[in-house]
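What the coordinates show
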Amino acid sequence: LGVFYFTIDVTKEDHLSKVDEFSAQRNYKNRDIVNIRRDTLPNYEEKIKSFFEEHIHEDEEIRFILDGTGYFDVRSRADEWIRISVQPSDLLVLPAGIYHRFTLDSNNYIKAMRLFKEDPKWTPINRDIPTTDANPHRVEYAHWLAASA
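Residues numbered from 1 in each chain as written. Predicted model: local features only at pLDDT ≥ 70, side-chain atom pairs only at ≥ 80, totals over all residues. Heavy atoms only, no water.

1. Quick notes on the overall build of the protein
What counts here: Helix and strand labels come from DSSP, where a helix needs a run of H or I of at least four residues and a strand needs a run of E of at least two; each type is numbered from the N terminus. Partly exposed describes any residue whose relative accessible area lies between the buried limit of under 20% and the exposed limit of over 50%, with all areas from a 1.4 Å probe on protein chains only and scaled to the type maximum. Residue contacts are counted whenever heavy atoms from the two residues lie within 4.5 Å of one another. A residue counts as positive if it is Lys or Arg and as negative if it is Asp or Glu; His and the chain ends are not included. Taken as the charge location is NZ of Lys, CZ of Arg, CG of Asp or CD of Glu.
If you tally the helices and strands in the protein, you get three helices and ten strands. Reported as C-alpha extents along the three principal axes, the dimensions of the protein are approximately 45 × 35 × 25 Å. Buried residues in the protein amount to 42% of all 149 residues. Taking contacts inside the protein between residues at least 6 apart in sequence as the whole, the part at least 24 apart equals 76%. One finds the centroid of the 20 positive side-chain charges in the protein at a distance of 0 Å from the centroid of its 26 negative side-chain charges.

2. Here's the deal with the pattern of salt bridges
Definition in use: Criterion for a salt bridge: a side-chain nitrogen of Lys or Arg within 4 Å of a carboxyl oxygen of Asp or Glu.
Scanning the entire structure with this criterion turns up 15 salt bridges. For R114, the salt bridge identified is with D32, shortest N-O distance 2.6 Å. Separated by 82 residues along the polypeptide, R114 in strand β9 (residues 110–116) and D32 in strand β2 (residues 30–36) bring together distant segments of the chain. Notably, a salt bridge pairs R127 with E54, separated by 2.8 Å at the nearest N-O pair.

Pasting the structure below:
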């Protein structure tokens, strides 16, 4: 599916230097931290709902989990959901164009570093928009997926 999973131990003093090495290898130039919980995220309910709407991005989605837990759901080749549980030290890379969604678990909290190739942005393109399947990044991903079967 093109999803990559890595582990960088957040309890080790050198974890940020490991993130720097990983970022350099994959040309990630920018980063920020998101702290998702009711008392820290403005418009919490609205944001949580939007994260769970099935969507794609035109860039890779890279998350390094610093604290808390949650789930990324990605679509399989058969268009079924595959759930990926994330916890501290997990580093997940979702390819551009893959249908996915995110939700918190019962702890209702996650803190993650987001890595970006360019300026930080998070622009979802929801699947329920008729033109999403024609998006060039979705088309490229679908062709790659078919060729790798």
